[in-house]
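The chain contents come next:
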Amino acid sequence: MEKLTNKEEEIMQKLWDLKKAFAKEVQAALEHPTHYNTVSTIIRKLEEKGYIKHKAFGKTHQYYPAISREEYRNKFVGKAMMQYFNNSYKNMVSFFAKEEKISAEELREILKMIEEKK
């Protein structure tokens, strides 16, 4: 499974939200105006890469995710953790704390979740 470009990820996010959609529906759901032909091309690339599949309705296709958002997230968060945080969750969490991207309250909630799983 290869990493997606930003635009591919944006389209994939919309398709995960929509569950199934025609290219025009994906285009309409995008936050930034994108030409239909561009959306259609990216959708075909996503299908070639194995991220989506389609059901044919005559000459048009309805697309749906071939992998879940969770599968994609797990693959690439793990890869980012290896590349940027020396494969350490501690390093990753401390990075977010130093950058003030996570609050003390959120850290307490995380600790509570960890303790409840024991």
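The preceding data block contains the structure.
Quick summary incoming for the structure in this document. Chains are numbered independently. Their residues run from 1 in the order of the written sequence. Only residues with pLDDT of at least 70 are given local features in this predicted model, and only at 80 or more are side-chain atom pairs given and counted; all residues enter the totals for whole chains, interfaces and linings. The side-chain figures draw on all heavy atoms in the structure; neither hydrogens nor water molecules are used.

## Examining the sheet that holds strand β2 (residues 52–57)
Only strands joined by at least two bridges in the DSSP assignment are considered to pair. The way it works is that DSSP assigns letters per residue, a run of H or I at least four long becomes a helix, a run of E at least two long becomes a strand, and they are numbered from the N terminus. Reading across the sheet, the three strands line up as β1-β3-β2 and stay open at both edges, with antiparallel pairing between neighbours. Each end of this open sheet is capped by a strand with a single partner; those strands are β1 (21–22) and β2. Alignment of β2 against strand β3 (residues 60–65), held across six bridges, turns out to be antiparallel. Following the sheet pairing, Ala56 is matched in β3 by His61. A contact between two residues is defined here by any heavy atoms of the two lying within 4.5 Å. Every axis corresponds to a line fitted to the C-alpha atoms, with the helix fit spanning only the stretch in contact, and the corresponding angles, defined between N-to-C directions, vary from 0 to 180 degrees. In this fold helix α1 (residues 6–18) packs onto β1, β2 and β3, with an angle of close to 90° to the strand it touches most, β3. Packing of helix α3 (residues 36–48) onto the sheet brings it into contact with β2 and β3, and relative to β2 it is tilted by some 115°.

## Some points on a nonpolar patch on the surface
Without a salt bridge and with relative accessible area above 30%, a residue can belong to a patch; like charges are then joined within 9 Å and nonpolar side chains (Val, Leu, Ile, Met, Phe, Trp, Tyr) within 5 Å. Note that accessible areas follow from Shrake-Rupley with a 1.4 Å probe, and for residues the cover is restricted to the protein chains shown. In what follows, salt bridge is the name for a side-chain nitrogen of Lys or Arg lying within 4 Å of a carboxyl oxygen of Asp or Glu. The grouping of Ile110, Leu111, Met113 and Ile114 at the surface amounts to a nonpolar patch, some 370 Å² of accessible area in total. Relative to the assigned elements, Met113 resides in helix α6 (residues 104–117).

## With respect to the nonpolar core
Nonpolar core, defined: a set of buried Ala, Val, Leu, Ile, Met, Phe, Trp, Tyr and Cys residues in which side-chain atoms within 4.5 Å join the residues together. Buried residues are those whose accessible area, probed at 1.4 Å on protein chains only, stays under 20% of the maximum for their type, while exposed residues exceed 50% and partly exposed ones sit between those limits. Counting 19 residues, the largest nonpolar core has Ile11, Ile43, Leu46, Tyr51 and Ile52 as its most contacted members. At the level of elements, α1, α2 (23–29), α3 and α4 (69–85) are the ones that each hand at least two residues to this core. Once you skip the residues sitting within four places of it in the chain, Tyr51 turns out to touch Met1, Glu2, Lys3, Leu4, Met12, Leu46, Pro65, Ala66, Ile67, Tyr72 and Phe76.

## So, the packing of α1 against α3
Where α1 meets α3, the closest approach of the two axes is 10 Å, and the angle between their N-to-C directions is 85°. By the angle between their directions, the pair α1 and α3 is classed as roughly perpendicular. Every residue of α3 that contacts α1 at Lys7, Glu8, Ile11 and Met12 is listed here: Val39, Ile42, Ile43, Lys45 and Leu46. Its residues assigned to classes, the contact of α1 with α3 comprises six nonpolar, no polar and three charged. Roughly parallel covers angles under 35 degrees, roughly antiparallel covers those over 145, roughly perpendicular covers 65 to 115, and oblique covers all other angles. Each residue is assigned to one class: nonpolar for Ala, Val, Leu, Ile, Met, Phe, Trp, Tyr, Cys and Pro, charged for Asp, Glu, Lys and Arg, and polar for all the others, Gly among them.

## Concerning unusual backbone geometry
In terms of backbone geometry, most residues other than glycine have negative phi values and most peptide bonds are trans. The phi angle at Asn86 is positive, at roughly 55°, despite the residue not being glycine. For Asn86, the location among the structural elements is in the loop between α4 and α5 (89–98). Assessed through its relative accessible area of 64%, Asn86 is described here as exposed. Phi at Glu100 takes a positive value of approximately 55°, unusual for a residue other than glycine.

## A few points about the side chain of Gln62
Mapped onto the fold, Gln62 is located in strand β3. A relative accessible area of 15% means that Gln62 is categorised as buried. Those residues in contact with Gln62, other than ones at most four positions away along the chain, are Lys20, Ala21, Phe22, Lys53, His54, Lys55 and Phe57.

## Considerations on the packing of aromatic side chains
To pair, rings of Phe, Tyr and Trp, with the six-membered ring standing in for Trp, must have centres within 6.5 Å; the planes then decide the type, stacked if under 30 degrees apart, edge-to-face if over 60, and tilted in the middle. Under the counting rule described, the total for this entry stands at seven aromatic pairs. Geometrically, the ring pair formed by Phe85 and Phe96 is tilted, given 6.4 Å between the ring centres and 40° between the ring planes. Of this pair, Phe85 sits in helix α4 while Phe96 is found in helix α5, placing the two residues eleven residues apart along the sequence. Since its relative accessible area comes to 14%, Phe85 is described here as buried. Through successive ring pairs, a cluster of aromatic residues spans Trp16, Tyr51, Tyr72 and Phe76. Between Lys3 and the ring centre of Phe76, over which it is positioned, the NZ or CZ distance is 5.8 Å. Lying over the aromatic face of Tyr36, Lys24 brings its terminal NZ or CZ to 4.8 Å of the ring centre. Here, a charge over a ring is recorded when the distance from Lys NZ or Arg CZ to the ring centre is within 6 Å and its angle to the ring normal is within 35 degrees.

Treat this as a map of the structure, not an account of what it does.
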